[in-house]
Amino acid sequence: MRADVWWTQPLLVFAGLSIFIAYSTWAAFQGQNYFFGNYISPFYSPEIFGDSPHSWFGSKPTWWPHWLIFSPALLVLWAPGGFRLTCYYYRGAYYKAFWADPPACTVGEPRKTYWGERSFPLIMQNVHRYFLYLALFFLLVLAYDVWKALWFVDPATRRSSFGIGVGTVILAVNVLLLGGYTFGCHSLRHLAGGFLDQFSKSPTCYRTYECVSCFNRRHMLWAWLSLFWVGLSDLYVRLCAMGIWRDWRII
C-alpha cells in the first residue's frame, strides 16, 4: 500500500553489493598484477605467500595442491569478507536487498513466519565479534602498507627515498575509511563500554564508548565509503601493475 518508491534503496544496495562481490571475486582469483613497486592491493594484504616483494614467507608453498588455483588473496580475504558479511548494518541491508526479508518497512515479505538468526546458517552471524579482532589486526597491516608506500626505490641506485605518490594517498585514504568503519562497529561499541550499567563508575570506558559512538552514528556511510574505496585501491594498483595507468609522484 506504500505509494512512494520504497524499492529504490534495496535496489541500489543490491546493485552496489553485487558489483563489489563480482569485482572482488574476480580480482581475488587473478593472483597477479596485485602489486606495483612499494604498493600492494589491500585485497592481497597481508601477503602470506606470494611472488611479490611484500610476501611474508616466500612464494607459493610446496604443499599447496596442484589442482587448486593459488592466489595470495584467497588466504586472507576471508577475514575482512567475514567481518563485513556478519556486520550488523550489512546484515540488515542485504537481508532486504537480496532476500526481501523484509524489502522495506511496512512492505510484505514472501513468507509468513519469522525464525530470526537462531538456526543454521544464520546463527553463524554471531561470530561477528570475533571477526572484529581480525579486522583490527588487518588495519595495522594496511597501515604498515601505507608506510611502505612512502618509500620509493630508485631503479638506478637501488636506494629508497621518501616520497608520496597518488597511490600512497589512495592507500592512506583506504586505511582512514576502513578505520572509520571498523571503529564504529557495534561489537566494538559494546566492548568499549556498552556492557556497563553505570558509566559514572568508569569514566575511561565512558569516553571510549562516546568515541566509538561518534563513528557508529555514521556506520552506514563509513561502510559504503570504505567498501567503494577498497575496491578502488585494488583497481588502482592493478592498473599501474598492468601499465595502463601511471602513478604520479606528488613529492
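Quick look at the structure, then.

Criteria and cut-off values
Residues numbered from 1 in each chain as written. Predicted model: local features only at pLDDT ≥ 70, side-chain atom pairs only at ≥ 80, totals over all residues. Heavy atoms only, no water. Helix = DSSP H or I, 4+ residues; strand = E, 2+ residues; numbered from the N terminus. Expected span 1.5 Å × (residues − 1). Buried < 20%, exposed > 50% of the residue type's maximum accessible area, 1.4 Å probe, protein only. Contact = heavy atoms within 4.5 Å. Core = buried A, V, L, I, M, F, W, Y, C linked by side-chain atoms within 4.5 Å. Axes fitted to C-alpha atoms, helices over the stretch in contact; angles between N-to-C directions. Parallel < 35°, antiparallel > 145°, perpendicular 65-115°, else oblique. Left-handed = near helix turned anticlockwise from the far one by under 90°. Nonpolar A, V, L, I, M, F, W, Y, C, P; charged D, E, K, R; others polar. Arc of directions from axis to C-beta.

**Notes on helix α1 (residues 8-30)**
With 23 residues, α1 should cover 33 Å at 1.5 Å per step; its first-to-last C-alpha distance of 33 Å lies within 8% of that length. When we look at burial in α1, the residues that qualify are P10, V13, L17, F20, S24, A27 and A28. Each element contacted by the buried residues of α1 is listed here: α3 (88-99) and α8 (219-241). Among the residues trailing α1, G31 stands out with phi positive, at a value near 70°.

**Looking at the nonpolar core**
In terms of nonpolar packing, the biggest core is built from 29 residues, with L17, F43, F83, Y89, Y90 and Y181 touching the most fellow members. Mapped by element, the contributors of at least two residues to this core are α1, α3, α4 (128-148), α6 (186-194) and α8. Leaving out residues up to four positions away in the same chain, L17 has contacts with Y90, Y94, F98, W224 and L227. Counting residues in each nonpolar core, the second largest holds 13 residues, with Y39, V146, L178 and Y236 among its members.

**Observations concerning the side chain of S233**
For S233, the location among the structural elements is in helix α8. With residues near it in sequence (within four places) discarded, S233 still touches P42, I170, L171 and N174.

**Points about the packing of helix α2 (residues 78-85) against α4**
In the contact formed by α2 and α4, the axes pass within 9 Å of each other and the chain directions differ by 135°. By the criterion of interaxial angle, the relationship of α2 to α4 is oblique. Considering how the two elements wind past one another, α2 and α4 form a crossing that is left-handed. Residue-level contacts link W78, A79, P80, G82 and F83 of α2 to H128, F131, L132, L134, A135 and F138 of α4. Broken down by class, the residue content of the contact of α2 with α4 amounts to nine nonpolar, two polar and no charged.

**Quick word on unusual backbone geometry**
Here the residue pair S45 and P46 is connected by a cis peptide bond, since its omega of 0° sits within 30 degrees of zero. For P46, the position within the fold is in the loop between β2 (39-40) and α2. Residue P102 is bonded to the preceding D101 through a cis peptide linkage, with omega at -15°. The backbone phi angle of N33 is positive, close to 60°, even though this residue is not glycine. Here N33 shows up in the loop between α1 and β1 (35-36). One non-glycine residue, A100, lies in positive phi territory at about 55°. By secondary structure assignment, the location of A100 is in the loop between α3 and α4.

**A short note on helix α7 (residues 203-216)**
For α7, spanning 14 residues, the distance from its first C-alpha to its last is 19 Å, which sits close to the expected 20 Å at 1.5 Å a residue. Of the positions making up α7, those classed as buried are Y209, V212, S213 and N216. In an axial view of α7, the angular spread of the buried residues amounts to 105°, which keeps them on one side of the axis. Facing away from the buried side of α7 by over 90 degrees, the exposed positions are T204 and R207. On its buried face, α7 sits against α5 (166-183), α6 and α8.

**Topic: the environment of F29**
Within the fold, F29 resides in helix α1. Between the alpha carbons of F29 and S226 there is a distance of 21 Å; along the sequence they are 197 residues apart. Discounting residues that sit within four places of it in the chain, F29 has contacts with I69, S71 and L74.

**A closer look at the packing of α4 against α6**
Packing of α4 against α6 brings their axes to within 9 Å, and their N-to-C directions diverge by 90°. In terms of orientation, α4 lies roughly perpendicular with respect to α6. When α4 is examined against α6, the residues H128, R129, L132 and Y133 are found in contact with a partner set consisting of S187, L188 and L191. Residue composition of the contact of α4 with α6, by class: four nonpolar, two polar and one charged.

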